[in-house]
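Residue strings, one per chain:
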Amino acid sequence: MLDRAPCVDTPSISAVAAQASAVMPIICRRLVYERGGRLLINAIDLDIAPGSLTVVMGPNGSGKSLLLRLLHGLIEPDTGHILWGNRRDAAAARERQAMVFQRPVLLRRSVGDNIGFVLKLRGEDTRSQREAMLTRVGLQELIKQPARRLSGGEQQRLALARALATRPDVLFLDEPTASHDPASTHMIEEAVVAAHRSGTKIVFITHDIGQARRLADDVIFLNGGRVCEHTEVGRFFSDPRTNCARGFLDGRILF
Amino acid sequence: MALQLVLSGNGDLMEIIGLSLYVSLSALLIASALGLFIGAALAVTRFPGRGAALVVLNALMGLPPVVVGLLVYLYLSRSGPLGFMGLLYTPTAMIIAQTVLITPIIAALSRQVLEDLYEEYREQFRSLSVPWRIEMGALVWDARYSLLTVALAGFGRAVAEVGAVIIVGGNIDHLTRVMTTAIALETSKGDLALALALGIVLLTIALTINGLVMTVRMTASRNAYA
């Protein structure tokens, strides 16, 4: 039987320097989100510190994507609250954050114009800027191609480049490498790590244990809409302290 | 004989065709600006009474041209609120009538097209904190090839209607006579050759424009822009 009792540690911050940000830390208190009579987010208390690369894991339907949308201020909790840098202003927080969705939504334009749309919002759309952003994800050769003619992996890399073009303090990624080939996964991971090194806080959902081991400084493990563990990555994989996390990891190993 | 008349480039015929295109294209231009703005605003905003506004807008698509003609006539006639402008029985009055007639069509159809696209973009726009004015512009731009069909529907309605323009234009020779009013007049006079010639031109215009729009849309679709 899975243990759903929360067991929350304060994660150690990685060697990456924690940068001061107006939207960090993110503090969630008693978050509840219910739809259709189902409790999808169940009284979550969570502190997300700046600096570390945080990976969110958990079985399907555990509330990972919903939690990311709440943290990004796209949806509001039914009860409880979120503080972004001690403020409750979701709209202001969103302006300093970016999100890459599991299924990228690209404008019906060229690859370059998809980047240009975001750069224009910031008043800094130049050809060199577009090329620089696309070079970060290896798409510079495709700048004139229609975005929707790209492969799935290329579309996701473009979505990542567009998110990075906003120069976010916090970048949320919802399974950005799900069902991508190793090369595409590698390029996305490289771009994410580079952004993290330059000071962007990363919150990354994945089901891939190998990827979590490669990237994470700390892991948030969700089950049934609750945070079961929030702990340093080494400890999470070597000594998970809750039955639900152990069960999840055992299931991965066995199957 | 009708075909000969068309091919001969008859002066009267060309004048009528030219005025028809001028009036309908002018109305289309104005109605597109108004209708796209209304459609885009309704697509991206939510407010109390929006549902009722959509019902009214959709109902206005079926406005009878003679009713529009009558209303515009009342406004522009000497005793009407805009009578001082002296626009009745001028091409401008015809443009106004056609604009009133097709603006709801363009607004309602573009609202539907843009709202479908907005459903796709909404969360991404919200994530990127895109201001609503830029959202509207981006939607119109990205849906431009679908909106061509909407504009085509508006143009078709404008160029083919007779009721409104005959009331506010008066079908005055060399001044307000357009293809539809001329066809009605020439048929009643028994000059079927001229009426048929105008009919052939009207159909050719409709076919040509439809063909052009379809070509543009197919090209866009191949490039994943539509």
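Residues numbered from 1 in each chain as written. Chains lettered and ligands numbered in written order. Predicted model: local features only at pLDDT ≥ 70, side-chain atom pairs only at ≥ 80, totals over all residues. Heavy atoms only, no water.

## Focus on the overall build of chain A
Step number 1: Helix and strand content of chain A: nine helices and ten strands.
Step number 2: In terms of principal-axis extent, the alpha carbons of chain A reach across some 55 × 40 × 40 Å.
Step number 3: Entry remark: accessible area of chain A is about 11,100 Å², with carbon and sulfur atoms responsible for 47%.
Step number 4: For chain A, the separation between the mean place of its 34 positive charges and that of its 28 negative charges on side chains is 5 Å. (Helix = DSSP H or I, 4+ residues; strand = E, 2+ residues; numbered from the N terminus. Areas by Shrake-Rupley, 256 points an atom, 1.4 Å probe, with all protein chains shown as cover. Lys, Arg positive; Asp, Glu negative; His and termini not counted. Charge placed at Lys NZ, Arg CZ, Asp CG, Glu CD.)

## Here we look at the overall build of chain B
Step number 1: Regarding its fold elements, chain B presents ten helices and zero strands.
Step number 2: Starting at the N terminus and ending at the C terminus, chain B contains elements arranged as α-α-α-α-α-α-α-α-α-α.
Step number 3: In terms of overall dimensions, chain B has a C-alpha envelope of 65 × 50 × 25 Å along the principal axes.
Step number 4: Counting all 226 residues of chain B, 46% fall into the buried class.
Step number 5: For chain B, contacts bridging at least 24 residues in sequence account for 75% of all contacts bridging at least 6.
Step number 6: Here chain B displays about 10,900 Å² of accessible surface, and carbon together with sulfur accounts for 71% of that area.
Step number 7: Looking at charge distribution, chain B has the averaged site of its 13 positive side-chain charges lying 6 Å from that of its 13 negative ones. (Buried < 20%, exposed > 50% of the residue type's maximum accessible area, 1.4 Å probe, protein only. Contact = heavy atoms within 4.5 Å.)

## Observations concerning helix α3 (residues 50-60) of chain B
Residue and element names in this part refer to chain B.
Step number 1: Taken as a whole, α3 has its buried residues at R50, L54 and L57. Looking straight down α3, one finds that the buried residues subtend no more than 65° of arc, so they occupy a single side. Exposed residues on α3 whose side chains face more than 90 degrees from its buried face are V55 and A59.
Step number 2: Against the buried residues of α3 lie α2 (11-44) and α5 (91-127). (Arc of directions from axis to C-beta.)

## Description of the environment of A164 of chain B
Residue and element names in this part refer to chain B.
Step number 1: Summarising the element assignment, A164 is placed in helix α8 (residues 163-169).
Step number 2: Taking the C-alpha atoms as reference, A164 lies 10.0 Å from T181; in sequence the two are 17 residues apart.
Step number 3: Ignoring anything within four residues of it in the chain, the contact list for A164 reads P65, V66, G69 and A97.

## As for the sheet that holds strand β3 (residues 38-48) of chain A
Residues and elements named next belong to chain A.
Step number 1: Taking strand neighbours across the sheet as the criterion, the three strands line up as β3-β2-β5 in an open arrangement whose pairing is antiparallel. With one partner strand each, in any of the chains shown, β3 and β5 (79-84) form the two edges of the open sheet. Neighbour-to-neighbour, the strand axes of the sheet open up by a mean angle of 20°, direction not taken into account.
Step number 2: In this structure, strand β2 (residues 26-35) lies alongside β5, joined through five bridges in antiparallel fashion. The partner of R29 across the bridge, within β5, is H81.
Step number 3: On top of the sheet, helix α1 (residues 64-71) reaches β2, β3 and β5; it is set at about 55° to β3, its chief contact. (Pairing = 2+ DSSP bridges. Axes fitted to C-alpha atoms, helices over the stretch in contact; angles between N-to-C directions.)

## Let's talk about helix α9 (residues 179-189) of chain B
Residues and elements named next belong to chain B.
Step number 1: Those residues of α9 not exposed but buried are M179, T180, T181, A182 and E186.
Step number 2: Residues of α9 that are buried sit in contact with α2, α7 (144-160), α8 and α10 (192-222).
Step number 3: Positive backbone phi, at 90°, marks G190, one or two positions downstream of α9.

## Structural notes on the pairing of strand β4 (residues 53-57) of chain A
All names here are of chain A.
Step number 1: Counting buried positions along β4 yields five of five residues, so the element is predominantly enclosed.
Step number 2: Side chains of β4 alternate between two faces, with L53, V55 and M57 and T54 and V56 buried alike.
Step number 3: In this sheet, strand β8 (residues 201-205) lies alongside β4 in parallel orientation, the contact comprising four bridges. Counterpart to L53 in the pairing with β8 is I202.
Step number 4: Where β4 meets strand β9 (residues 218-223), four bridges bridge the pair, whose relative direction is parallel. The residue bridging T54 from the neighbouring strand is D218, located in β9.

## Things to note about the side chain of T180 of chain B
Residues and elements named next belong to chain B.
Step number 1: Checked against the element boundaries, T180 lands in helix α9.
Step number 2: Of the residues examined, T180 reaches a relative accessible area of 9% and is grouped as buried.
Step number 3: In contact with T180, not counting residues within four places along its chain, are V159, A160, E161, V162, V165 and L202.

## A word on the pattern of salt bridges
Step number 1: Applying the stated criterion to the full structure yields 21 salt bridges over all chains.
Step number 2: In this structure, R30 of chain A and D45 of chain A form a salt bridge, with 3.6 Å as the shortest nitrogen-oxygen distance. Taken together, the residues span a long stretch of sequence, with R30 of chain A in strand β2 and D45 of chain A in strand β3 at a distance of 15 residues.
Step number 3: Here R30 of chain A falls in the exposed class, since its relative accessible area comes to 51%.
Step number 4: Residues R109 of chain A and D142 of chain B are paired through a salt bridge, measuring 2.6 Å at the closest nitrogen-oxygen approach. Here D142 of chain B lies in helix α6 (residues 132-142) and R109 of chain A lies in the loop between β6 (97-100) and α3 (111-121), a pairing that spans two chains. As far as burial versus exposure is concerned, R109 of chain A and D142 of chain B are alike and both buried.
Step number 5: Beyond isolated ion pairs, a larger network of salt bridges with shared partners links R46, R50, R111 and E115 of chain B. (Salt bridge = Lys/Arg side-chain N within 4 Å of Asp/Glu carboxyl O.)

Limitation: the analysis is restricted to geometry and does not speak to function.
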